[in-house]
Amino acid sequence: MIRLPIPGNCSTTGIPSEENSVDRVEKRGSQPLKEFPWLLALSMDRTPNICGAAMLDSTTAITAAHCVSESKYPSSYSVRTIGGHDRIINEIIKHPAFYSGGRFSDIALLKWERPLLSARGSNTIEIAEDDDFNDENCSCFTLELNNERPVPVNVMSPFLCESILQNGRLGRRFQLHTSFLCTVVDLPVQCSLHGGNPLICQRDENFPLLAGLVSWGFNCHEPQIYTNVSVFSDWIHDHLEKYYFMDF
């Protein structure tokens, strides 16, 4: 189980804004997790909640590839909704460029047979098509089943993120991979996060979008690294369309 620090708001400067921090906490913190029915807990055999995941359609979820690398048998894994509905995974599709040593392209799709449907409306999340989350009307937050509420986060610029990590424990030779999206702590909140948990961003009154998946990190005072979902949007859509047509 990977437990990583929680980051904080939709600015690529990496410098938290006092005004935005308060606003985002009030706005997002009022929403309980039941308002996000697409949030899933991923388990392996008898070990519950090893990672998080997000439901893209009624038979498909997305998570970090490192979360499903311990067993080669898809049926070792299962997902559970906030409402307690379980599904056994029957297929795992890791991105072909996934490299476990550096967590590059740390993304995977999970498939199951019997559709998961919600009586409360939409139980799926749309993916982000770009990673431009730096305007003032954009807010980002992360979700974890162990926390009762969403946690506001800041998105950092790749340049600043790489610079901080180079000056820290990773050294000058470290280069930020193009599949990474960085966040930084905004407020003194609980500093723990499962791999695969979603980073959600929303502009104005538009629908929330899945921007990232927790991949790796060190501690609360350093950037936390998510898989940048928008980088893989074509790959995701190709697989979703493939299975959509296979159902007919």
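Look up a bit, the structure's there.
No experiment lies behind these values; they were computed from the predicted model shown.

Definitions and cut-offs
Residues numbered from 1 in each chain as written. Predicted model: local features only at pLDDT ≥ 70, side-chain atom pairs only at ≥ 80, totals over all residues. Heavy atoms only, no water. Pairing = 2+ DSSP bridges. Helix = DSSP H or I, 4+ residues; strand = E, 2+ residues; numbered from the N terminus. Axes fitted to C-alpha atoms, helices over the stretch in contact; angles between N-to-C directions. Core = buried A, V, L, I, M, F, W, Y, C linked by side-chain atoms within 4.5 Å. Buried < 20%, exposed > 50% of the residue type's maximum accessible area, 1.4 Å probe, protein only. Contact = heavy atoms within 4.5 Å. Salt bridge = Lys/Arg side-chain N within 4 Å of Asp/Glu carboxyl O. Arc of directions from axis to C-beta. Disulfide = S-S within 2.5 Å.

A.B. asks: Would you mind showing me how to read the sheet that holds strand β3 (residues 60–63) here?
C.D. replies: Sheet strands line up and pair through hydrogen bonds in the backbone, either parallel or antiparallel. Strand order in the open sheet formed by 7 strands is β5-β4-β1-β2-β3-β7-β6, with antiparallel pairing between adjacent strands. Because the sheet does not close on itself, it has two edges, and the strands there are β5 (86–88) and β6 (91–94). For this sheet the average axis-to-axis angle between neighbouring strands, irrespective of direction, equals 35°. Alignment of β3 against strand β7 (residues 108–111), held across 4 bridges, turns out to be antiparallel. Residue pairing across strands places Ala-61 opposite Leu-110, the latter belonging to β7.

A.B. asks: Mind showing me how you'd approach the nonpolar core here?
C.D. replies: A general trend in soluble globular proteins is that nonpolar side chains are found buried together. Trp-38, Leu-42, Leu-56, Ile-62, Leu-210 and Ile-236 are the most contacted members of the largest nonpolar core, which has 42 residues in total. Every element with two or more residues in this core is listed here: β1 (39–44), β2 (47–57), β3, β4 (77–81), β7, β14 (209–216) and α3 (233–246). It is β2 that contributes the most residues to this core, 6 residues altogether. When neighbours within four sequence positions are excluded, Leu-210 is seen to be in contact with Ala-54, Leu-56, Ile-62, Ile-125, Glu-126, Ile-127, Ala-128, Pro-198, Leu-199, Ile-200 and Val-229. Counting 13 residues, the second-largest nonpolar core is a separate cluster that includes Ala-128, Leu-181, Cys-201 and Ala-211.

A.B. asks: Hey, could you run me through the pattern of salt bridges in this one?
C.D. replies: Charged atoms that come close allow side chains of opposite charge to pair. Applying the stated criterion to the full structure yields 2 salt bridges. Linking Asp-86 and Arg-80 is a salt bridge whose minimum nitrogen-to-oxygen distance equals 2.7 Å. Of the residues examined, Asp-86 reaches a relative accessible area of 36% and is grouped as partly exposed.

A.B. asks: Looking at this structure, how should I read helix α2 (residues 158–166)?
C.D. replies: Since the α-helix advances by 3.6 residues per turn, residues separated by three or four positions end up pointing in the same direction. Within the sequence span of α2, burial applies to Cys-161, Leu-165 and Gln-166. Looking down the long axis of α2, one finds its buried residues gathered within 130° of arc, a one-sided arrangement. Summarising the contacts, the buried residues of α2 are in contact with β12 (180–184), β14 and β15 (224–228).

A.B. asks: Whenever I open this one, the environment of Ser-230 confuses me. Can you help?
C.D. replies: With respect to the helices and strands, Ser-230 occurs in the loop between β15 and α3. Overall, the relative accessible area of 11% leaves Ser-230 in the buried class. Considered as a pair, Ser-230 and Leu-209 are 21 residues apart in the sequence and their alpha carbons are 10.0 Å apart. Excluding residues that lie within four positions of it along the chain, Ser-230 makes contacts with Ala-128, Glu-129, Asp-130, Asp-131 and Ala-211.

A.B. asks: For this particular structure, what's the right way to read the state of the cysteines?
C.D. replies: Joining two cysteines, a disulfide is a covalent bond between their sulfur atoms. On inspection of all chains with the given rule, the structure shows 3 disulfides. What pairs with Cys-51 in a disulfide is Cys-67, and their sulfur atoms sit 2.1 Å apart. Taking the torsion about the sulfur-sulfur bond, which here is approximately -85°, the covalent link between Cys-51 and Cys-67 counts as left-handed. Taken together, the positions of Cys-51 in strand β2 and Cys-67 in the loop between β3 and β4 put the pair 16 residues apart, joining distant regions of the chain. Pair check on accessibility: Cys-51 and Cys-67 agree, each one buried.

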